Amino acid sequence: MKITRLETIPIRVPLKAEFAIRSGRGGSHAVSPFLLVKVHTDEGLVGIGEASCTPRWSGEDQVTGAHLLKTYLEPLLVGEEPRVVERVSQKFRLAFAGNHFTKAAVEMALWDIAGLAAGKPVYELLGGKVREFVPTKWSVSGVEPDKAAAIASWAAAQGFKSMKVKVGIEPVGDMRRVKAVREAIGPNVKLGVDANGGWTLNTALKTLEQMYEQQIYFTEQPLPPEDITDMAQLRKKLRVPLIADESVYTLQDARTLAALGAADVLSLYIGKAGGIGPAKAVADFARTAGLKCTLGSNLELGVGSAAMVHLALATSGINAEEFPCDIIGPLFYEGDIVKTPLPISAGVARATRKSGLGVELDEEKVRRYRVQTA
C-alpha cells in the first residue's frame, strides 16, 4: 500500500453557549477551529486525523497547517507505506520544525489506516487494553461563581465524580469560584484547579493556601509554562500534586520536568506531543521516572477524541483512575463531524470495537462546518 495524497479540510464548530471557555490564558473560547486531514492510499483506504488550530495555544492555525502539509510534508510521504507508522513519522521532522498539532493529525490518520488494513482497533495495535474504559473529569469554565456553580451542578447531576475549575484569572474571583463550585457539588466529588499558567509564584502560594479549605486534590499548570524552576520551587511547598500541562509538549520537556522535580503529573495531549506514538513514549518515560500522567484536552471533536480513547486504553503510564482524563470535547459542541457519536458519557470514555480509530466522518456535517481560509 502507498500514500497517494494528503487532503485538508478547515472547519469551525461552535460550542454550546453555556460551555464557552474562559481561563487563565485570557480571552474566551466560543468557537473551535480544526483542520481535518485525510491520508489517501492507492488501495482506497483513507485515514482521518484532526488538528486543533488555536494559535494562542499551539502557534498553529488552519492556513499554516494546510500550507505546511501540502507544500512540505506531502512530497515526502507520497509513495510511502502508511502502515509502518513509526518509520513514516520520522519524515515529519524533515518537513518542518514544530507544528506538533498539524503533524499529529497526519500521524493519527496513519494509525487509522493501519487499523483499518489489519481489521483491528488502534488500541490493539498499541499493545492491547490495560483498562476497559477511561475515567474522565469535567472542566468548569472560569466564569462568575454562580455560573460556575450551575455548570458544576449540571456535571455532577450527569454523573461526573471528578472535575476541575478554571482559575488563574484574578485571585479573589478564583477563590470565590472554587468555593461556589465546592458548595454546589458537595464533599464527595473530587475537585482540582487549573490556572493555565495564570499565576505568579507568590500568587499561587497564597491562593492555593486558601483553596486547600475547599478540598482540592490537584493544581494544574499554576505558573507560566516557561517558569519551570519556579514550578519546582512551588511543588516543594504544595500539599497537593502539581500537574504540568503547558510546560510539557515533547519527551525532552518531560525529561526536564522530571530532572528538576517540577511536577508530580504530566498532562499529555496527542496534539502537543505530535502524535499517538510520541504521546505514548512520554507516558512510558514518565512511568519509569516516577511521574504519573493524565490526558488533557483542546476540546477535540470525534476524531481527536477517538484517538485519545485508544491511547488511554492501551497505556498503563496514563493513570486515569487516579487522575481522570479530559476526554470530554464532544460534550461541549452543538454538533460533531462523525456519523456515530463516541461512547462517551459522564465520567466514562470507551472505544468501539470497529477497526482503526472506529469513527467515520459525516460528510454532510463536514460541509456544514467547513470554512474558507483564503
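Scroll up to find the structure.
Since the structure is predicted, the reported quantities are computational estimates derived from the model, not experimental observations. Chains are numbered independently. Their residues run from 1 in the order of the written sequence. It should be noted that, the model being predicted, local features are given only for residues of pLDDT at least 70 and side-chain atom pairs only at 80 or more, the latter also being counted only at that level, while totals for whole chains, interfaces and linings use all residues. No hydrogens and no water enter the side-chain calculation; it runs on all heavy atoms of the structure.

Some words on the overall build of the chain
Turning to step 1, where the next piece is worked out: Each helix is a run of DSSP H or I of at least 4 residues and each strand a run of E of at least 2, with the numbering of both proceeding from the N terminus. Along its length, the chain carries 15 helices and 15 strands.
Turning to step 2, where the next piece is worked out: We compute the radius of gyration over the C-alpha atoms and compare it with the globule rule, which gives 2.2 Å times the number of residues raised to the power 0.38. In terms of C-alpha radius of gyration, the chain reaches 20 Å, essentially the compact-globule figure of 21 Å for 374 residues.
Turning to step 3, where the next piece is worked out: Referenced to the eigenvectors of the C-alpha coordinate spread, the extents of the chain come out at roughly 60 × 40 × 40 Å.
Turning to step 4, where the next piece is worked out: The buried label applies to any residue whose accessible area, calculated with a 1.4 Å probe on protein chains only, is under 20% of its type's maximum; exposed applies above 50%, and partly exposed to all values in between. Counting only residues that meet the buried cut, the chain has 59% of its 374 residues in that class.
Turning to step 5, where the next piece is worked out: Any two residues having at least one pair of non-hydrogen atoms within 4.5 Å are treated as being in contact. Pairs at least 24 apart in sequence give 73% of the contacts found in the chain among residues at least 6 apart.
Turning to step 6, where the next piece is worked out: Each accessible area is a Shrake-Rupley estimate made with a 1.4 Å probe; only the visible protein chains count as cover when residues are assessed. A total accessible area of about 14700 Å² is found for the chain, and carbon and sulfur atoms account for 50% of it.

Thoughts on the nonpolar core
Turning to step 1, where the next piece is worked out: Residues Ile11, Trp138, Leu266 and Ile337 are the most contacted members of the largest nonpolar core, which totals 120 residues.
Turning to step 2, where the next piece is worked out: Ranked by residue count, the leading element in this core is helix H5 (residues 100-118), at 9 residues.
Turning to step 3, where the next piece is worked out: Apart from the residues within four sequence positions on either side, Leu266 is in contact with Ile243, Ala244, Val248, Ala254, Leu257, Val282, Ala286, Leu291, Lys292, Cys293 and Thr294.
Turning to step 4, where the next piece is worked out: Here, nonpolar core refers to any group of buried Ala, Val, Leu, Ile, Met, Phe, Trp, Tyr and Cys residues whose side-chain atoms link them within 4.5 Å. Ranked by size, the runner-up nonpolar core spans 5 residues in total, among them Tyr217, Phe218, Ile243 and Val265.

Some thoughts on the packing of helix H8 (residues 171-185) against helix H9 (residues 201-211)
Turning to step 1, where the next piece is worked out: Axis definition: a line fitted to C-alpha atoms, over the contacting stretch in the case of helices. Angles run 0 to 180 degrees between N-to-C directions. One can describe the packing of H8 onto H9 by two numbers: an axis separation of 10 Å at closest approach and a directional angle of 25°. In this view, H8 runs roughly parallel relative to H9, as classed from their interaxial angle. Read as a crossing pair, H8 and H9 show a hand that is right-handed. Mapping the contact onto sequence places Pro171, Asp174, Met175 and Val178 in H8 and Thr203, Thr207, Gln210 and Met211 in H9. Angle categories are assigned with fixed cut-offs, so that under 35 degrees is roughly parallel, over 145 is roughly antiparallel, 65 to 115 is roughly perpendicular, and the rest are oblique. Take the far helix as the reference: if the near one is turned anticlockwise from it by less than a right angle, the crossing is left-handed, and if turned clockwise, right-handed.

Focus on the sheet that holds strand S14 (residues 344-345)
Turning to step 1, where the next piece is worked out: The pairing criterion for strands is at least two bridges between them, as found by DSSP. Across the sheet, which stays open at both edges, the 3 strands sit in the order S6-S15-S14 with antiparallel pairing between neighbours. Looking at which strands have only one partner, the edges of the open sheet turn out to be strand S6 (134-135) and S14.
Turning to step 2, where the next piece is worked out: As paired elements, S6 and strand S15 (residues 348-349) share 2 bridges and run antiparallel to each other. Looking at the pairing, Pro135 lines up with Val348 of S15.

Regarding the sheet that holds strand S9 (residues 190-194)
Turning to step 1, where the next piece is worked out: The strand order across the open sheet built from 7 strands is S7-S8-S9-S10-S11-S12-S13, with neighbouring strands paired in parallel fashion. Two strands bound the open sheet, and with one partner strand each, they are strand S7 (138-140) and strand S13 (292-295). Strand-to-strand twist of the sheet, defined as the mean angle between neighbouring strand axes without regard to direction, takes the value 30°.
Turning to step 2, where the next piece is worked out: Strand direction decides the pairing type here: strand S11 (residues 242-244) and strand S12 (residues 265-268), joined by 2 bridges, are parallel. Looking at S12, one finds that Ile243 is bridged to Val265.

Side note on unusual backbone geometry
Turning to step 1, where the next piece is worked out: Although it is not a glycine, Asn196 adopts a positive phi angle of roughly 50°.
Turning to step 2, where the next piece is worked out: You can see Asn196 is positioned in the loop between S9 and H9.
Turning to step 3, where the next piece is worked out: Phi is positive for Leu299, close to 55°, though the residue is something other than glycine.
Turning to step 4, where the next piece is worked out: Here Leu299 is to be found in the loop between S13 and helix H14 (302-313).

A look at the packing of aromatic side chains
Turning to step 1, where the next piece is worked out: Centre distance within 6.5 Å is the pairing criterion for rings of Phe, Tyr and Trp, where only the six-membered ring of Trp is used; planes under 30 degrees apart are then read as stacked, over 60 as edge-to-face, and the remainder as tilted. Counted according to the given criterion, the structure contains 6 aromatic pairs.
Turning to step 2, where the next piece is worked out: Ring geometry for Trp138 versus Phe332: centroids 4.5 Å apart, planes at 15°, classification stacked. Here Trp138, found in strand S7, pairs with Phe332, found in the loop between H14 and S14; they are 194 residues apart in sequence, far enough to count as distant. Neither Trp138 nor Phe332 differs from the other in exposure class; each is buried.
Turning to step 3, where the next piece is worked out: Judged by centre distance (6.2 Å) and plane angle (10°), the rings of Tyr217 and Phe323 are stacked.

Here we look at the pattern of salt bridges
Turning to step 1, where the next piece is worked out: Salt bridges are counted wherever a side-chain nitrogen of Lys or Arg sits within 4 Å of a carboxyl oxygen of Asp or Glu. Inspection of the entire model under this criterion finds 20 salt bridges.
Turning to step 2, where the next piece is worked out: For Glu132, the salt bridge identified is with Lys129, shortest N-O distance 3.4 Å.
Turning to step 3, where the next piece is worked out: We note a salt bridge from Asp326 to Lys164, for which the minimum N-O separation is 2.9 Å. With Asp326 in the loop between H14 and S14 and Lys164 in strand S8 (residues 162-166), this pair connects stretches of sequence that are 162 residues apart. For the pair Asp326 and Lys164, one class covers both residues: buried.
Turning to step 4, where the next piece is worked out: Via salt bridges that share partners, Lys137, Lys164, Lys166, Asp194, Glu220 and Asp326 belong to a single interconnected network.

Regarding the side chain of Glu107
Turning to step 1, where the next piece is worked out: For Glu107, the position within the fold is in helix H5.
Turning to step 2, where the next piece is worked out: Under this rule, positive means Lys or Arg and negative means Asp or Glu; His and the chain ends count for nothing. Despite its burial, Glu107 remains without a salt bridge, the nearest opposite charge being carried by Lys280 at 11 Å.
Turning to step 3, where the next piece is worked out: A polar contact of 2.8 Å, which involves the side chain of Glu107, links it to the backbone nitrogen of Gly277.
Turning to step 4, where the next piece is worked out: Setting aside its immediate chain neighbours within four residues, Glu107 contacts Val85, Ser89, Phe92, Gly274, Gly275, Ile276, Gly277 and Pro278. Polar contact is defined as a pair of N or O atoms within 3.5 Å, subject to the rule that within protein one atom must be able to donate a hydrogen and the other to accept it, and that residues adjacent in sequence are counted only when both atoms are side-chain atoms.

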